[in-house]
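Listed below are the residues making up each chain.
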Amino acid sequence: MSSRTVIRGGLVITASDEIHADVLIEDGRVAALAASGTPAAAAWTAERVVDATGKYVIPGGVDVHTHMELPFGGTFASDTFETGTRAAAWGGTTTIVDFAVQSVGRSLREGLDAWHGKAEGNCAIDYGFHMIVSDVNQDTLKEMDLLVEEGVTSFKQFMAYPGVFYSDDGQILRAMQRSAENGGLIMMHAENGIAIDVLVEQALARGETDPRYHGEVRKALLEAEATHRAIKLAQVAGAPLYVVHVSAAEAVAELARARDEGRHVFGETCPQYLFLSTDNLAEPGFEGSKYVCSTPLRPKEHQAKLWQGLRTDDLQVVSTDHCPFCFVGQKELGRGDFSKIPNGLPGVENRMDLLHQAVVDGHISRRRWIEIACAAPARMFGMYPKKGTLAPGSDADVVIYDPHAEQTVSAETHHMNVDYSAYEGRRLTGRVETVLSRGEPVIDQRKFAGRAGHGLYTPRSTCQYLQ
Ligand SMILES: NC(=O)NCCC(=O)O
Ligand SMILES: [Zn+2]
Ligand SMILES: [Zn+2]
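Since we're looking at a predicted model, the values are computed, not measured.

Caption draft 1: Local environment of unusual backbone geometry. For the bond from S294 to T295, the omega torsion is -5°, close enough to zero to count as cis. Examined against the element boundaries, T295 turns out to sit in the loop between α11 (278-281) and α12 (301-312). Residue P385 is bonded to the preceding Y384 through a cis peptide linkage, with omega at 5°. Looking at the secondary structure, you find P385 in the loop between α14 (366-380) and β16 (398-408). One non-glycine residue with positive phi stands out, namely Y161, at about 60°. Structurally, the position occupied by Y161 is in the loop between β11 (154-158) and α5 (169-182).

Caption draft 2: Up close: the site of ligand 1. In the region of ligand 1, 13 residues are neighbours, and K156, H189, S294, D321 and N343 sit closest. Side-chain polar atom of H65 to an oxygen atom of ligand 1: 3.5 Å apart, as the coordinates give it. S294 has a polar backbone atom sitting 2.8 Å from a nitrogen atom of ligand 1. Residue classes in the shell around ligand 1 are distributed as four nonpolar, seven polar and two charged.

Caption draft 3: The packing of helix α3 (residues 108-119) against helix α4 (residues 138-150), seen in detail. Closest axis-to-axis distance for the α3/α4 pair is 9 Å, and the angle between their directions is 40°. By the criterion of interaxial angle, the relationship of α3 to α4 is oblique. Across from L108, R109 and L112 in α3, the residues of α4 making contact are T140, E143, M144, L147 and E150.

Caption draft 4: Representation of the coordination of the zinc ion (ligand 3) within the structure. Only H65 (NE2), H67 (NE2) and D321 (OD) from the protein coordinate the zinc ion (ligand 3), and they sit 2.0 to 2.2 Å from it. For the zinc ion (ligand 3), the four donor atoms in the first shell make angles of 87 to 137° at the metal, so the coordination geometry reads as irregular. Each donor residue of the zinc ion (ligand 3) belongs to the same chain, and together they define the spacing H-x1-H-x253-D. Separation of the zinc ion (ligand 3) from the zinc ion (ligand 2) amounts to 4.0 Å. On the basis of relative accessibility, which here comes to 5%, the residue H67 falls in the buried class.

Caption draft 5: Main features of the packing of helix α13 (residues 351-360) against α14. Packing of α13 against α14 leaves a shortest axis separation of 9 Å and a crossing angle of 150°. In this view, α13 runs roughly antiparallel relative to α14, as classed from their interaxial angle. As for the relative orientation of α13 and α14, their crossing is right-handed in sense. Between α13 and α14, the contacting residues are R351, M352, L355, H356 and V359 on the first element and R366, W369, I372, A373 and C374 on the second. Its residues assigned to classes, the contact of α13 with α14 shows seven nonpolar, one polar and two charged.

Caption draft 6: Quick peek at the pattern of salt bridges. Tallied over the full model, the rule gives 32 salt bridges. Put simply, E433 and K55 hold a salt bridge, and the shortest N to O gap is 3.0 Å. With E433 in strand β17 (residues 427-437) and K55 in the loop between β4 (48-51) and β5 (56-59), this residue pair connects regions lying 378 residues apart in the sequence. Taking relative accessible area as the criterion, E433 reaches 15% and is therefore assigned buried. Residue classification places K55 among the buried positions, given a relative accessible area of 17%. Between R109 and E150 there is a salt bridge, with its nearest N and O atoms 2.5 Å apart. Taken together, the positions of R109 in helix α3 and E150 in helix α4 put the pair 41 residues apart, joining distant regions of the chain. Through salt bridges with shared partners, a single ionic network connects R29, D126, K386, K387, D395, D397 and R438.

Caption draft 7: Up close: the coordination of the zinc ion (ligand 2). At 2.1 to 2.2 Å from the zinc ion (ligand 2) lie its protein donor atoms, namely K156 (NZ), H189 (ND1) and H245 (NE2). Between the donor residues of the zinc ion (ligand 2), the gaps in sequence give the motif K-x32-H-x55-H.

Calculation rules
Residues numbered from 1 in each chain as written. Chains lettered and ligands numbered in written order. Predicted model: local features only at pLDDT ≥ 70, side-chain atom pairs only at ≥ 80, totals over all residues. Heavy atoms only, no water. Helix = DSSP H or I, 4+ residues; strand = E, 2+ residues; numbered from the N terminus. Near = heavy atom within 4 Å. Polar contact = N/O pair within 3.5 Å; in protein donor to acceptor, adjacent residues only side chain to side chain. Nonpolar A, V, L, I, M, F, W, Y, C, P; charged D, E, K, R; others polar. Axes fitted to C-alpha atoms, helices over the stretch in contact; angles between N-to-C directions. Parallel < 35°, antiparallel > 145°, perpendicular 65-115°, else oblique. Contact = heavy atoms within 4.5 Å. Donors = N, O, S within 2.8 Å, 3.2 Å for Na, K, Ca; no water. Tetrahedral: all angles 85-135°; square planar, octahedral: opposite > 155°, others 65-115°. Buried < 20%, exposed > 50% of the residue type's maximum accessible area, 1.4 Å probe, protein only. Left-handed = near helix turned anticlockwise from the far one by under 90°. Salt bridge = Lys/Arg side-chain N within 4 Å of Asp/Glu carboxyl O.

As structure tokens, this is what we get:
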């Protein structure tokens, strides 16, 4: 039996258009859009009519960098797929791409199966997977081909974290060569981890143990150097490259230069680098641990270059790198030694609102908001136009967004399973009102109406900027 919903009277915003239009949804997909008030739109009948007058009607957010339940530093990221995807929906995100992890000595398949096991039946919104490749060998390289065929088309490698996720330049080159052949996209954590470990050891020996030293040893120059090296390795391999969580102005410059040369090099940044800084890492007592992530927060001056990169398309995507650890019992593991603080910040619920605030503040346009948060991530990782836009045939992942509502961000009211907010007390203009996932309400007028298990696994095609 077919089910129909009509959303009436809102301003529909996609990456390319803004139009006062009604949206007809049939069987979980967008069936048609028509200018509000026209006879075509007026003729539509439906079981459910949503009034969006005075609101924005936007595609659901696509967050292509999350770490639900990630094992890190002797503990696990505190959001499960159930709690994390519910929180994502509250924040207007309707698709996540999380990172399955290959452990050293194990196969990609084993890691991927484990992540399917964690996610299946638990998600409130749709999800896909990238694969973290921690152990490049002949078997792994062959497995990469199979994963691309089955819809896991992107692989993260780490130039940081020696002894954990780290790959050396030879391993990186081999994986890049393979991805040049099989169409996969290498996602790079670009920091010189070997040099950073020397600086960590020296800082600790000087008694510099507070969280702020995490930012000092993970130098912008070592992010820039690794970014440059990754770009050159990709060039040698003839492979495209996507650099994750870019935080340093110097790294943006490396990306810009490569793009000016016409290379297939892409960059992602995250809200924490746009809205937070080393001032947060230096908060008194052990408060700074709440802001420990890698790449680290940078001095405020870097933010202008990140915004500029987002406006000029030297950076294409804003994702969260959502990787929450509670202050009590988890971040506290690093009291007396900043290198033992689990790395990562919560944010899956905050991204769409923070980026809307960037619209209000004049950093980006409304359409660029949708581009960097919905359309570009969907294209980058092979999900467009099913995800990331509102067009006939797209999944009806729709957010009714109130651009005038005021909110104060707080751990008291957020839905992420973590005991603090990185944005505590921040006043924001704009708020999610209703969220549909494939036509079904997940958030209905600020009440949770979804269910664990509604979210489906989404296999992906290869990067659509290269097709
Ligand atoms: N970013 C971070 O600090 N934690 C998550 C793991 C990663 O993305 O490197
Ligand atoms: Zn990383
Ligand atoms: Zn990450």
